[in-house]
Amino acid sequence: SGTIVNTIRGSKLLEESNNHSINNSKSLIGSVTIIQLQIGLLASAKTLQEELRDLANSADTSSSIGLAKVLQETSVALLRKPELWVYGNIESGKVPINSAESTFTRISISERSKISKEITSNFAGEITNSLPTKNNSIGPNSINELIAITILIAAKSSPLNNAEYIDAEQIRKALEIAGSTPSGELIALEVLWVPEGDKETLSSEELLTTYPNLKHL
């Protein structure tokens, strides 16, 4: 479909005092909370695309402190534009610690497979950029043109739970909770936005076909 994505990806394997990682944690007990937060915004939120692009090019995604900063700045940027939220969805669940990494990776692959090209990528501190392709242009009254933001989080714990219904207030609360996740609790983070540039958009049909779980706010 010519959809373009930017990604900020980083992971910090869950460590305990014995330095065991998720893959090596057979002796560990407990669970990891995985959260997926998605928002469809009016394309007039193009400054958000610029902010995320700048963040991808400057963020330290190789450390949990850097990931926490990315999550906080992404959440704050979205919280500043509630009038542009059109669609949203929140999913949260706990998985056994031994399967946390594979579960996070599976969801990540599922989300990344929805897009055709990653323009800017920041993975564990390694930044890559490639040339964007042409797509739809934003007009002065593009009320039917949208961008989509996906935030995927793995944390040792989180007070964020699945909501019985999704509305703007639930999205606001979820962003506030996500953005305040301590670096010591954050294990992995992925932020994707579609499309990449400030002159690229998705139609409502494209958005809902690609992200069928989104609910109108």
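Residues numbered from 1 in each chain as written. Predicted model: local features only at pLDDT ≥ 70, side-chain atom pairs only at ≥ 80, totals over all residues. Heavy atoms only, no water.

**Some details on helix H2 (residues 64-79)**
Now for step 1: With 16 residues, H2 should cover 22 Å at 1.5 Å per step; its first-to-last C-alpha distance of 22 Å lies within 8% of that length.
Now for step 2: Listed as buried for H2 are Ser64, Gly66, Leu67, Ala68, Val70, Leu71, Thr74, Ser75, Ala77 and Leu78. (Helix = DSSP H or I, 4+ residues; strand = E, 2+ residues; numbered from the N terminus. Expected span 1.5 Å × (residues − 1). Buried < 20%, exposed > 50% of the residue type's maximum accessible area, 1.4 Å probe, protein only.)

**A word on the pairing of strand S6 (residues 145-155)**
Now for step 1: In terms of burial, S6 is a largely internal element, 11 of the 11 residues being buried.
Now for step 2: By the bridge criterion, 10 bridges tie strand S2 (residues 31-42) to S6 in an arrangement that is antiparallel. Bridging across to S6, Gln38 finds its partner in Thr150.
Now for step 3: Of the pairings in the sheet, the one linking S6 to strand S8 (residues 202-203) comprises two bridges and is antiparallel in character. Bridge assignment links Leu146 to a residue of S8, and that residue is Leu202. (Pairing = 2+ DSSP bridges.)

**Here we look at the nonpolar core**
Now for step 1: Within the largest apolar cluster, 45 residues are counted, with the highest numbers of intra-cluster contacts made by Leu41, Ile151 and Ile153.
Now for step 2: For this core, the secondary structure elements donating two or more residues are S2, helix H1 (46-58), H2, strand S3 (85-96), S6, helix H4 (168-179) and strand S7 (186-194).
Now for step 3: With seven residues, S6 is the largest single contributor of residues to this core.
Now for step 4: Other than its neighbours up to four places away in sequence, Leu41 contacts Leu48, Leu78, Leu84, Trp85, Val86, Glu145, Leu146, Ile147 and Ile149.
Now for step 5: Within the second largest apolar cluster, 11 residues are counted, among which are Val32, Phe104, Ile187 and Ala188. (Core = buried A, V, L, I, M, F, W, Y, C linked by side-chain atoms within 4.5 Å. Contact = heavy atoms within 4.5 Å.)

**Examining the packing of H1 against H2**
Now for step 1: With their axes 10 Å apart at the nearest point, H1 and H2 run at an angle of 170° to one another. When the axis of H1 is compared with that of H2, the two are roughly antiparallel. Between H1 and H2, the contacting residues are Leu48, Glu51, Leu52 and Leu55 on the first element and Val70, Glu73, Thr74, Ala77 and Leu78 on the second.
Now for step 2: Of the residues contributing to the contact of H1 with H2, the split by class is six nonpolar, one polar and two charged. (Axes fitted to C-alpha atoms, helices over the stretch in contact; angles between N-to-C directions. Parallel < 35°, antiparallel > 145°, perpendicular 65-115°, else oblique. Nonpolar A, V, L, I, M, F, W, Y, C, P; charged D, E, K, R; others polar.)

**Considerations on the confidence of the model for the protein**
Now for step 1: Summary statistics for the protein give a mean pLDDT of 78 and a share of 72% for residues scoring 70 or more.
Now for step 2: Within the protein, the element-level pLDDT minimum falls on strand S1 (residues 4-11), averaging 50, and the maximum on H4, averaging 95.
Now for step 3: A low-confidence stretch, residues 13-27 (pLDDT under 50), is modelled with 28 contacts involving residues beyond four sequence positions or located in other chains. (pLDDT = per-residue confidence, 0-100.)

**Thoughts on the environment of Phe104**
Now for step 1: Among the secondary structure elements, Phe104 is positioned in helix H3 (residues 100-112).
Now for step 2: For Phe104 and Leu152, which are 48 residues apart along the polypeptide, the C-alpha to C-alpha distance reads 8.1 Å.

**A few points about the environment of Leu214**
Now for step 1: Residue placement: Leu214 occurs in the loop between helix H5 (204-210) and strand S9 (215-216).
Now for step 2: Leu214 gets classed as buried once you look at its relative accessible area, which sits at 9%.
Now for step 3: On a C-alpha basis, the gap between Leu214 and Ile39 in space is 7.6 Å, while along the polypeptide they are 175 residues apart.
Now for step 4: If near-sequence neighbours (up to four positions away) are discounted, Leu214 is found in contact with Gln38, Ile39, Tyr87, Gly88, Asn89, Leu207 and Leu208.

**Digging into the pattern of salt bridges**
Now for step 1: A complete count under the given rule lists four salt bridges for this structure.
Now for step 2: Between Glu111 and Lys114 there is a salt bridge, and its shortest N-O distance comes to 3.1 Å.
Now for step 3: Owing to a relative accessible area of 7%, Glu111 belongs among the buried residues under this scheme.
Now for step 4: A salt bridge links Glu169 to Arg172; the shortest N-O distance between them is 2.2 Å. With Glu169 and Arg172 both in helix H4 and three residues apart, the pair spans about one turn of that helix.
Now for step 5: Overall, the relative accessible area of 35% leaves Glu169 in the partly exposed class. (Salt bridge = Lys/Arg side-chain N within 4 Å of Asp/Glu carboxyl O.)

**Description of unusual backbone geometry**
Now for step 1: A cis amide bond, omega -5°, links Val194 with the succeeding residue Pro195.
Now for step 2: Tracing the backbone through its elements, the reader meets Pro195 in the loop between S7 and S8.

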